[in-house]
Amino acid sequence: MNRWTQITTFQASPGDPHRPNSTPIYQTATFGQPSVNSLGRYDYSRSGNPTRDVLESQLAKLEGVAHGFAFASGMAALSATSRVLSCGQHLVAGIDLYGGTHRLLSQILSRQGIEVSFVDTSDVSAVDKAIKPNTKLVLIETPSNPLQHIADIPKLANLAHQAGAWLAVDNTLLSPWLQQPAQLGADLVIHSATKHLGGHSDVSAGAVTTDDPDLARTLAFIQNAEGTALSPFDSWLLLRGLQTLPLRIERQQASAGHVAAFLASHPQVKRVHYPGLATHPGRDLHFSQASGAGSVISFETGNVQLSERILSALQLFTISVSFGSLHSLASLPCRMSHASIPVESRHVGEDLIRLSIGIEDPGDLIASLQTAIQRARLARSA
Ligand SMILES: *Cc1c(COP(=O)(O)O)cnc(C)c1O
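Criteria and thresholds
- Residues numbered from 1 in each chain as written.
- Predicted model: local features only at pLDDT ≥ 70, side-chain atom pairs only at ≥ 80, totals over all residues.
- Heavy atoms only, no water.
- Buried < 20%, exposed > 50% of the residue type's maximum accessible area, 1.4 Å probe, protein only.
- Helix = DSSP H or I, 4+ residues; strand = E, 2+ residues; numbered from the N terminus.
- Pairing = 2+ DSSP bridges.
- Salt bridge = Lys/Arg side-chain N within 4 Å of Asp/Glu carboxyl O.
- Domains from an automatic or database assignment.
- Contact = heavy atoms within 4.5 Å.
- Buried area = accessible area lost by both parts, 1.4 Å probe.
- Polar contact = N/O pair within 3.5 Å; in protein donor to acceptor, adjacent residues only side chain to side chain.

Enquirer: Explanation requested: the pairing of strand E2 (residues 90–94) in the structure shown.
Expert: In summary, the side chains of a regular strand alternate between the two faces of the sheet. The buried fraction of E2 amounts to five of the five residues, a majority that puts the element mostly inside the structure. Burial along E2 is two-sided: the residues His 90, Val 92 and Gly 94 and Leu 91 and Ala 93 are all buried. Both E2 and strand E3 (residues 115–119) contribute to a ladder of five bridges, which runs parallel. When the bridges of E3 are listed, Ala 93 appears paired with Phe 118. Across four bridges, the pairing between E2 and strand E4 (residues 135–141) is parallel. Pairing of Ala 93 across the sheet is with Leu 139, part of E4.

Enquirer: Hey, could you run me through the pattern of salt bridges in this one?
Expert: Charged atoms that come close allow side chains of opposite charge to pair. Going through the model one piece at a time under the given rule, you end up with seven salt bridges. Between Glu 56 and Arg 52 there is a salt bridge; the shortest N-O distance is 3.5 Å. Of the two residues, Glu 56 and Arg 52 both sit in helix H2 (residues 50–63), four residues apart, roughly one turn of that helix. According to the relative accessible area criterion, Arg 52 is buried, its value standing at 2%. Residues Arg 335 and Glu 308 are paired through a salt bridge, measuring 2.5 Å at the closest nitrogen-oxygen approach. With Arg 335 in the loop between strand E11 (329–331) and strand E12 (353–356) and Glu 308 in helix H11 (residues 304–313), the pair connects residues that are 27 residues apart, well separated along the chain.

Enquirer: Is there a simple way to explain the domain arrangement of the protein chain in this structure?
Expert: Accessible area lost when the parts come together is the quantity often used to give the size of an interface. Along its sequence, the protein chain is carved into domain 1 (3–242) and domain 2 (245–381). Between domain 1 and domain 2, the C-alpha centre-to-centre distance is 26 Å. Domain 1 puts 40 residues into the contact, and the matching count from domain 2 is 41 residues. If you sort the residues of domain 1 by the area they bury against domain 2, Gln 148, Leu 178 and His 196 come out on top, with a joint share of 20%. Our count for the contact surface shared by domain 1 and domain 2 stands at zero salt bridges. Taken together, the links from domain 1 to domain 2 amount to 14 residue pairs in polar contact (both at pLDDT 80 or more). Among the elements of the structure, helix H1 (3–8), helix H4 (99–108), helix H6 (153–162) and helix H8 (232–242) are those that each provide at least two residues to the side of domain 1 that touches domain 2.

Enquirer: Before we go on, may I ask you to explain the environment of Glu 115 in this structure?
Expert: Mapped onto the elements of the fold, Glu 115 is located in strand E3. Since its relative accessible area comes to 36%, Glu 115 is described here as partly exposed. Through-space distance from the C-alpha of Glu 115 to that of Leu 314 is 42 Å; in sequence the pair is 199 residues apart. Leave out the neighbours within four places in its chain, and Glu 115 touches Gln 89, His 90, Leu 91, Lys 132 and Asn 134. Side-chain polar atoms of Glu 115 contact the side chain of Asn 134, separated by 3.2 Å.

As structure tokens, then:
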């Protein structure tokens, strides 16, 4: 069966005699048991809930693996993943990571006696050098956010495995529709489902998927022990979003290609970061492991004030953190999503603008950018 069909059709409610076409929201914390000696499939929603179960099997299917876990946010998913490490162990992470991930690793894990090294994960030899005898996890984003550096998933998986470590890939930026890291050797794949998977800016959620039964047991234990699972209603919202994932991603990506080409040819734009452009240094590597370039573009203007004025003048883009929504969004990462990274550890220019392309008409989006850049430039010379 074609993957599109596989993803957009699923059993909404296994075992329900009424065969609903939309998964019911099992808004219950507890479940009655047949007797004290014969317990049912569900007893307590923190440990398991039918709505969440449908979602979790859908999440696993998206990444082509056996096990999926839904969390209250992307950070809860990353935090649960970090729990596979114990005190005294070492983690290698990328330098160009989501701001909240940097904060979790540098300010929380470090307090628990877990050592963290930040390296440029687009450089395989740098990761190799950073690996130590106690390294247990390598955590990467590819493309990274917002600079869109590409890391070699199969090579890093090999490196990690040779060292007796796991490779975890935060696949939020592309979504599983465009890249399936587990099929390339990753042991754990993480998502902020708040972004593409949800797709409608209406739910905060996170996901971890794995094909490894031991890691799956550990994650199920952590999810239950720490009580970080996604609620039934939010699971339902996420399930609804997932059904249109391919539709949204394809549309947003096609428009992003046009927007990136427009920006690359604009005299006021110094540099565009988008793996779909022929000039992107990691383009070939990217397309060897992903089927598309996605819908997030970042670009530099060379002037912070100019960037600020462009953002203020943009009509069709909402100034907002996040990406992957069906509405187009624009942000200044240094002031917003990446502000939690200390200036000295930041690798992102102050003038960098990040755009997330939505499902609007691409011609309108380009016209909006054209006008905003023009207005911002004129305001400077005025
Ligand atoms: C947003 C994001 C997160 C955090 O997810 P939340 O749902 O906001 O908690 C983690 N990783 C990446 C790459 C993100 O973009």
